[in-house]
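The lines below spell out each chain.
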Amino acid sequence: MERQAALLLLADGRLPAGGYAHSGGLEPAITAKRVTDVAGLENFLIGRAETAGLIAAAFAAAACIRAVRDDFSDLAVLEAELDARAPSPELRKVSRDLGRQLRRAMSSIHPHPFFAALGDAPHQPIVMGVAAAVMGLGPRDAALAILHENNSGAAAAAAKLMRVDPFDVHAILARMTKRLDALSVRAAAAADGPPADLPSPGAPLSDIAAEHHRRRDVRLFAS
Amino acid sequence: MYDSLHPKSAHRPIGAMSARAVLSSALGPNGSSHIQTLRSDGPLVLRKSNPKGSEPLTHRRPDVARVALAAGTAGPLGGDDYALDVQVGAGSTMVLQEVSAMLILPGLEGAKSQMSITVRVEAGATFVWLAEPIIAAHRCNHRHDVRVALASDARMISREETLLGRHGEPAGDLTSRLRVTRDGAPLYDQQVAFGPARDGWNGAAVLDRNRAVGSVIAVDPGWTEAPPPAHPYHETAALTPLAGPGVAIGAVATDSLSLRRLLMRGVNELGPPWAI
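Source: prediction; values computed, not measured.

S.K.: How do you make sense of the interface of chain B and chain A when you look at a structure like this?
M.R.: As a measure of interface size, the accessible area lost when the parts come together is often cited. Each partner contributes to the interface: chain B provides 35 residues, whereas chain A provides 35 residues. Buried surface at the junction of chain B and chain A, both sides included, amounts to about 2700 Å², of which 57% is carbon and sulfur. Interface area lost by chain B to chain A is led by Gln190(B), Ala204(B) and Ala205(B), which between them contribute 20%. Connecting chain B to chain A are 3 salt bridges. Arg179(A) serves as the salt-bridge partner of Asp199(B), at 2.9 Å between the closest nitrogen and oxygen.

Next comes the structure, spelled out in structure tokens:
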């Protein structure tokens, strides 16, 4: 039987792994006046899912495959490939902060020796992939969990950052479900190949805005 | 050469071209660099050249190998398949310039065009690559793929600029990937993708409504201990240190001229010997 409940647990924003403190780049985009309405929010979320979302999903799936096989021999390569796909040092740090927090949560919730094997500051997608594997899930589940967690986290931040009807925000999430399914399939398909061939779609304005955001005095979210 | 004479695939339109140009430099016994291989092919015309203007790293130096890439024909057009192989030999310094922007045009039946550039920069070598913009004309369908492999003590600076269509027209479909490795390990890997076949690229997370996107990558083995600090020097541009001894300067802008200014401002932030 498929482990569907485990997938819901990992993808749930209420998992105490620190995600609530981040807007996934939405606050910087709103501050820069690039997102001003619901249509802009939807296009922001789609662009983010197609870029940073796909990268995170592919690396989560790749880490999951390695954990399922109990072979972490190229873990350092995966970490380096992920670093190379994040030009912004701020976004590399956020990914590692969230990875550390997810590992701490999972080590307590569902202990497994794999978590300690991930080094000092693993990236969030790598930890998510390993967490999915130890919960009995596969690479596509790992990809879907991180896509959903990141997407719904940014959407939830919208309610605190702009005047929007929460039904409108969830309508966007509902429209995006097919897209996240398709992205998770692409991520899982790429995950079994060489790490160098994992997807690398960039999001230039997200990188630039993240660096501005870190330097701002007044902000609601860490990123 | 014309592929209509030597068809590779039934799916490529008649008249589609494939071309493979080769370029290499070497260090001579007198300590100056020279061009060793200069093999043009059809639309990819390589010529020895003189400085076009100020250059980072190599300004006014007579002892470096300078080459310009010119277009022998229009395009690439849909169906065309171009390749350029560059080798910067150990200890040598090569400056690769371009004569004009590259206009990517649609071909028959929406066929895809592609250009693949591979660069090897050997031990102690320096590569300065100041490309002109790639323009993704309306209805084009193009894949641009650049791989740069650096030796651990090689230096380089490269600039890439992509324009979303000619003035006043919607952009065609384009993906452009730049992957830089150092001693075999990944340093930078980013793909820019836009066009009617994709979603979200014109949103606030990626390009917004801008019409030009570009980057400069600079790598210096001297930055292993202390890379230049991050500096978001404009609302739509930032200089960011990579996880290895390199920086990425990324920018988006409403037009080609503004993009060039933003990128070169980022280069000047690096100070000498990069600033021009």
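Structure's up, so let's keep going.
S.K.: Explain the sheet that holds strand β14 (residues 185-194) of chain B here, please?
M.R.: Strand pairs in the sheet, formed through backbone hydrogen bonds, run parallel or antiparallel to each other. The 7 strands lie next to each other as β2-β1-β5-β8-β11-β13-β14 (chain B), forming an open sheet whose pairing is mixed. The sheet is open, and its two borders are formed by β2 (33-39) and β14 of chain B, each paired with just one other strand. This sheet shows a mean twist of 10° between the axes of neighbouring strands, independent of strand direction. Note: strand β11 (residues 141-150) of chain B against strand β13 (residues 173-182) of chain B, 10 bridges, orientation parallel. Counterpart to Arg143(B) in the pairing with β13(B) is Thr175(B). Along the sheet, helix α4 (residues 75-84) of chain A contacts β13 and β14 of chain B; its crossing angle with β14(B), the most-contacted strand, is approximately 45°.

Conventions we followed
- Residues numbered from 1 in each chain as written.
- Chains lettered and ligands numbered in written order.
- Predicted model: local features only at pLDDT ≥ 70, side-chain atom pairs only at ≥ 80, totals over all residues.
- Heavy atoms only, no water.
- Contact = heavy atoms within 4.5 Å.
- Buried area = accessible area lost by both parts, 1.4 Å probe.
- Salt bridge = Lys/Arg side-chain N within 4 Å of Asp/Glu carboxyl O.
- Pairing = 2+ DSSP bridges.
- Helix = DSSP H or I, 4+ residues; strand = E, 2+ residues; numbered from the N terminus.
- Axes fitted to C-alpha atoms, helices over the stretch in contact; angles between N-to-C directions.

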